[in-house]
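For reference, the chains in residue letters:
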Amino acid sequence: MKVSNVVQMRAMDRAAIDRYRIPEEILMENAGQAAFSVLGRMGPLANRTFVILCGLGNNGGDGFVVARKIHSAGGVAKVRILGDPARFSGAAHLNLEILRQLPMDIRQLDNSEGICTELAHCSTVIDAIFGTGLSRGVSGLHREVIEAVNQCGKPVLSLDIPSGVQGDTGQILGCAIRAEHTVTFGLPKIGNLLYPGFALGGQLHVSHISFPPELYRSDDLKIAINTPSPLPPRDQTGHKGSFGQALFVAGAAGYLGAPCFAALAYLKAGGGYSRLAAPAAITPFIAMKGSELVFLPQQATDSGSIALCNRDALLQQANALDMTILGPGLSLDPQTQQLVRELTAGIDRPLLLDGDGITAICANLDLVRQRQAPTVLTPHPGEMSRLTGKSVAELEQNRIEAVQQAAIDLNATIVLKGAHSLIGCPDGRVFINLSGNSGMASAGSGDVLTGTIAAMHGLGLNTEEAVCKGVFLHGAAGDLAATAQGEDGMTAQDILEHLPLALKHERQEWPAEFLRRYAGPCPA
Ligand SMILES: NC(=O)C1=CN([C@@H]2O[C@H](COP(=O)(O)OP(=O)(O)OC[C@H]3O[C@@H](n4cnc5c(N)ncnc54)[C@H](O)[C@@H]3O)[C@@H](O)[C@H]2O)[C@@H](O)CC1
Ligand SMILES: [K+]
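Source: prediction; values computed, not measured.

Some details on helix 18 (residues 445-458)
Okay, so step 1: When the terminal C-alpha atoms of helix 18 are compared, their 20 Å separation across 14 residues agrees well with the 20 Å that a helix rising 1.5 Å per residue should span.
Okay, so step 2: Judged by how many residues are buried, helix 18 sits mostly within the fold: 14 of 14 residues are covered.
Okay, so step 3: Taken from the residues just after helix 18, Gly 460 is the one with a positive phi, measuring 120 degrees.

The following block contains the structure:
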């Protein structure tokens, strides 16, 4: 499903009105109706009291429609307006005028006194304070009301987006509503899907409010939920080479886990032949855990990392295989870092750079820009900061924009890891991944990701599809591990062990609860 930013949503609203001649009143009616149908699923309506909190924009107007429908269904609607109602215009004004013809309790809130009592005596709160028009930090009366709602303990239905969440980033501007359900209109907004906004919205529903699908087909809509292509069927007569051959250049003295997890994940995710080039001194130890791997013992630097003198042999190997993974646990030894740069320039096959490999190429990003074959980068926020020259805090303010610009700039597919990892493509598309959980935020998890992505490539997906599929299945393996044993104490080993089951579900069927979650918003 495509995902919209605020400007695009406004343009689609405008196009629906101007090009398709759907009056604004109908769009608002559809929005209110969609929200009302979700409200009906939250509990009974007749003889129940609902507090509808309305801001001064069209989000408030949607709230008026919901209030009218509650009244019509036999419920009691208490409409509380945050600001001077004389400032409403257009469809919102019209809907307020309609409400005024009804025996309904409509009041302007001058202060937050009394709202706590009203909230305590209602059955559900409708949050129609701010939608996509939120333009500054929430303060004053708005803040007091939002805090009162969050403390009242009543179920909240947010219209479009929890008030206080910024539609383009998911960031909280001052403070924000915590909802049990959110009904978003047109398309989901970025802020509905990125943390912390995602977590505040509860169950997300979407209504297209009768927008024609032609509106969503625009190439300008570059953001989507990550729903990757199906896996190619396994060749029943295949040999190990039929399922891909990857080279992992990884490991250093003291970094035994990273190379092992990365190279083993390749096999656990369905890849055929996993070769690991690691310093000779550590290969016997890795082999104790990963005897299925093929080892290419490397000469070492004084610090125990892979020496530059291995370059030519590595280049020869890499250019004979499907994909090279360069980085897990390589160390920051200057000689090894130089090796990474020279390999990045010399490998003419798909290349995945991770961890210390990313740090190495930050010294000369042109090496990535100039590559002819596809490049994949899998930075965590710290590495992304090094790649882009922006602080982690700056990146957090707008992760989508950061990954989009970096992918275009570096002509690479970039996975910005984190809760709901983002995948940026060189053509500007960005995918928001919904699988995964907080248990995966532990050492070694990223190494497993590299092997999983490479395996998807080995199974026959092109590089970009392999990244989307690998990110999804890595998260899904973590979710299976969490289902089995909880999120606390999950290790990379647990993710690794659940990869085969994740692939099995992917090829056959996912249990319904997983499917629901991975599909994103459900229809309102
Ligand atoms: N045709 C359309 O445009 C449609 C819009 N719809 C609804 O309209 C919403 C967008 O409407 P608007 O653009 O009017 O915007 P909003 O209703 O989100 O809010 C805008 C109002 O809030 C004020 N405001 C913004 N930040 C504030 C802050 N921090 N403190 C105090 N006041 C603040 C603005 O000055 C303005 O008065 C959507 O989220 C959706 O709910 C739906 O009715 C469907 C159709
Ligand atoms: K809202």
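Thoughts on the domain arrangement of the chain
Okay, so step 1: For the chain, the domain assignment lists domain 1 (2-219) and domain 2 (242-508).
Okay, so step 2: In this structure, domain 1 and domain 2 have C-alpha centres spaced 42 Å apart.
Okay, so step 3: In this assembly, nine residues from domain 1 lie in contact with 10 residues from domain 2.
Okay, so step 4: Both faces combined, the contact of domain 1 with domain 2 buries some 750 Å², and carbon together with sulfur accounts for 69% of it.
Okay, so step 5: Considering only the side of domain 1, the residues that lose the most area to domain 2 are Gln 171, Leu 194 and Tyr 195, jointly responsible for 55% of the buried surface there.
Okay, so step 6: Connecting domain 1 to domain 2 are zero salt bridges.

Regarding the UniProt feature "domain: YjeF N-terminal" (unreviewed entry) in the chain
Okay, so step 1: The UniProt record annotates "domain: YjeF N-terminal" (unreviewed entry) at residues 9-217.
Okay, so step 2: Structurally, residues 9-217 comprises 39% helix and 17% strand, and the distance from its first C-alpha atom to its last is 13 Å.

Re empty space enclosed by the protein
Okay, so step 1: One pass over the structure, following the stated rule, counts one cavity of 30 Å³ or more.
Okay, so step 2: In this model, the largest cavity occupies a volume close to 40 Å³.
Okay, so step 3: The residue makeup of the lining of the largest cavity, split by class, is three nonpolar, six polar and no charged.

Things to note about the environment of Gly 55
Okay, so step 1: Summarising the element assignment, Gly 55 is placed in the loop between strand 2 (49-54) and helix 3 (58-72).
Okay, so step 2: Considering only alpha carbons, one finds Gly 55 and Leu 314, 259 residues apart in sequence, at a separation of 63 Å.
Okay, so step 3: Not counting residues up to four positions away in its chain, the partners in contact with Gly 55 are Gly 60, Phe 88, Ala 128 and Ile 129.

Remarks on the site of ligand 1
Okay, so step 1: Near ligand 1 you find 22 residues, and of these Asn 59, Asp 62, Gly 131, Arg 136 and Asp 160 are the closest.
Okay, so step 2: Between an oxygen atom of ligand 1 and a main-chain N or O atom of Gly 133, the distance comes to 2.8 Å.
Okay, so step 3: Arg 136 places a polar main-chain atom, nitrogen or oxygen, 2.8 Å from a nitrogen atom of ligand 1.
Okay, so step 4: Considering ligand 1 on its own, with 870 Å² of exposed area, one finds that the protein chains cover 83% of that surface.
Okay, so step 5: Of all the secondary structure elements, the ones that give two or more residues to the shell around ligand 1 are helix 1 (6-18), helix 2 (24-42) and helix 3.
Okay, so step 6: Per element, the largest residue contribution to the shell around ligand 1 is three residues, and it comes from helix 3.
Okay, so step 7: Looking at the shell around ligand 1 residue by residue, the class counts come to nine nonpolar, nine polar and four charged.

Quick notes on the sheet that holds strand 3 (residues 76-81)
Strand pairing in a sheet relies on backbone hydrogen bonds. The paired strands run either parallel or antiparallel.
Okay, so step 1: The strand order across the open sheet formed by eight strands is 4-3-2-5-6-7-8-19, and the pairing between neighbours is parallel. The open sheet has two edge strands with one neighbour each: strand 4 (105-108) and strand 19 (522-523).
Okay, so step 2: With five bridges connecting them, strand 7 (residues 181-185) and strand 8 (residues 203-207) associate as parallel partners. Bridging from a neighbouring strand, Phe 185 pairs with Ser 207 of strand 8.
Okay, so step 3: Contacts from helix 3 reach strand 2, strand 3, strand 5 (124-128), strand 6 (156-159) and strand 7, with the element oriented near 160 degrees to strand 2.

What to know about the side chain of Asn 433
Okay, so step 1: Counting through the fold element by element, Asn 433 comes out in the loop between strand 18 (430-432) and helix 18.
Okay, so step 2: Among the polar contacts made by the side chain of Asn 433, one reaches the side chain of Ser 435 at a distance of 3.0 Å.
Okay, so step 3: The residues touching Asn 433, leaving out its near neighbours within four places in the chain, are Asn 226, His 420, Ser 421, Val 471 and Phe 472.

What about the coordination of the potassium ion (ligand 2)?
Okay, so step 1: Coordination of the potassium ion (ligand 2) by the protein involves Asn 59 (OD1), Asp 127 (O), Phe 130 (O), Leu 159 (O), Ile 161 (O) and Ser 163 (OG), with metal-donor separations of 2.7 to 3.1 Å.
Okay, so step 2: Taken together, the six donor atoms coordinating the potassium ion (ligand 2) and their angles of 66 to 173 degrees define a geometry best described as irregular.
Okay, so step 3: For the potassium ion (ligand 2), all donor residues lie on one chain, and their spacing in sequence is N-x67-D-x2-F-x28-L-x1-I-x1-S. Linking Asn 59 in helix 3 with Phe 130 in the loop between strand 5 and helix 6 (140-152), this pair joins segments that are 71 residues apart in sequence.

Overview of the layout of surface pockets
Okay, so step 1: In this structure, the largest pocket occupies an estimated 1,000 Å³ of space.
Okay, so step 2: Around the largest pocket, the lining is made up of 33 residues, and of these Gly 57, Asn 58, Asn 59, Thr 132 and Gly 133 lie nearest the centre.
Okay, so step 3: Of all elements in the fold, only helix 1, helix 2 and helix 3 reach the threshold of two or more residues within the lining of the largest pocket.
Okay, so step 4: Top element by residues in the lining of the largest pocket is helix 1. It accounts for five residues.

Quick word on unusual backbone geometry
Okay, so step 1: Cis geometry is found at the peptide bond from Tyr 195 to Pro 196, where omega equals 0 degrees.
Okay, so step 2: Along the chain, the position of Pro 196 falls in the loop between helix 7 (190-193) and helix 8 (197-200).
Okay, so step 3: Despite not being glycine, His 420 shows a phi value in the positive range, around 55 degrees.
Okay, so step 4: Structurally, His 420 is set in the loop between strand 16 (413-416) and strand 17 (422-424).

A word on the confidence of the model for the chain
Close inspection of predicted coordinates is inappropriate for parts of the model with low pLDDT.
Okay, so step 1: On average, the chain scores 96 in pLDDT, and the residues at 70 or more come to 100%.
Okay, so step 2: The ipTM, which scores confidence in the relative placement of chains, is 0.98 for this predicted complex, and the corresponding pTM is 0.96.

Things to note about the pairing of strand 8
Okay, so step 1: With respect to burial, strand 8 is a largely interior element, four of its five residues being buried.
Okay, so step 2: Here two bridges tie strand 8 to strand 19, and the two strands are oriented parallel to one another. Each bridged residue has a counterpart across the sheet, and for Val 206 the counterpart in strand 19 is Pro 523.

So, the UniProt feature "domain: YjeF C-terminal" (unreviewed entry) in the chain
Okay, so step 1: Mapped onto the present numbering, the UniProt feature "domain: YjeF C-terminal" (unreviewed entry) falls at residues 223-506.
Okay, so step 2: Across residues 223-506 one finds 45% helix and 12% strand; the C-alpha atoms that close the span lie 23 Å apart.

Describing the nonpolar core
Across soluble globular proteins, nonpolar side chains have a tendency to be buried as a group.
Okay, so step 1: In this structure, Phe 248, Leu 276, Val 448, Met 456 and Trp 510 are the most contacted members of the largest nonpolar core, which totals 57 residues.
Okay, so step 2: Looking at this core, the elements with two or more residues in it are strand 10 (245-249), helix 9 (257-268), strand 13 (323-326), helix 18, helix 19 (463-485), helix 20 (492-507) and helix 21 (512-519).
Okay, so step 3: Those residues in contact with Leu 276, other than ones at most four positions away along the chain, are Phe 248, Ala 250, Pro 259, Ala 263, Ile 286, Leu 293, Val 294, Phe 295 and Leu 296.
Okay, so step 4: Formed by 46 residues, the second largest nonpolar core is a distinct cluster that contains Ala 318, Leu 365, Ala 407 and Val 430.

Criteria and cut-off values
- Residues numbered from 1 in each chain as written.
- Chains lettered and ligands numbered in written order.
- Predicted model: local features only at pLDDT ≥ 70, side-chain atom pairs only at ≥ 80, totals over all residues.
- Heavy atoms only, no water.
- Helix = DSSP H or I, 4+ residues; strand = E, 2+ residues; numbered from the N terminus.
- Expected span 1.5 Å × (residues − 1).
- Buried < 20%, exposed > 50% of the residue type's maximum accessible area, 1.4 Å probe, protein only.
- Domains from an automatic or database assignment.
- Contact = heavy atoms within 4.5 Å.
- Buried area = accessible area lost by both parts, 1.4 Å probe.
- Salt bridge = Lys/Arg side-chain N within 4 Å of Asp/Glu carboxyl O.
- UniProt positions renumbered as here; feature names shortened; annotations may be inferred.
- 1 Å grid on protein atoms, 1.4 Å probe; cavity = no way out; pocket = protein on both sides within 12 Å on 5 of 7 lines; lining within 4 Å.
- Points joined across faces, edges and corners; volume = space filled by probe spheres on them.
- Nonpolar A, V, L, I, M, F, W, Y, C, P; charged D, E, K, R; others polar.
- Near = heavy atom within 4 Å.
- Polar contact = N/O pair within 3.5 Å; in protein donor to acceptor, adjacent residues only side chain to side chain.
- Areas by Shrake-Rupley, 256 points an atom, 1.4 Å probe, with all protein chains shown as cover.
- Pairing = 2+ DSSP bridges.
- Axes fitted to C-alpha atoms, helices over the stretch in contact; angles between N-to-C directions.
- Donors = N, O, S within 2.8 Å, 3.2 Å for Na, K, Ca; no water.
- Tetrahedral: all angles 85-135°; square planar, octahedral: opposite > 155°, others 65-115°.
- pLDDT = per-residue confidence, 0-100.
- Core = buried A, V, L, I, M, F, W, Y, C linked by side-chain atoms within 4.5 Å.

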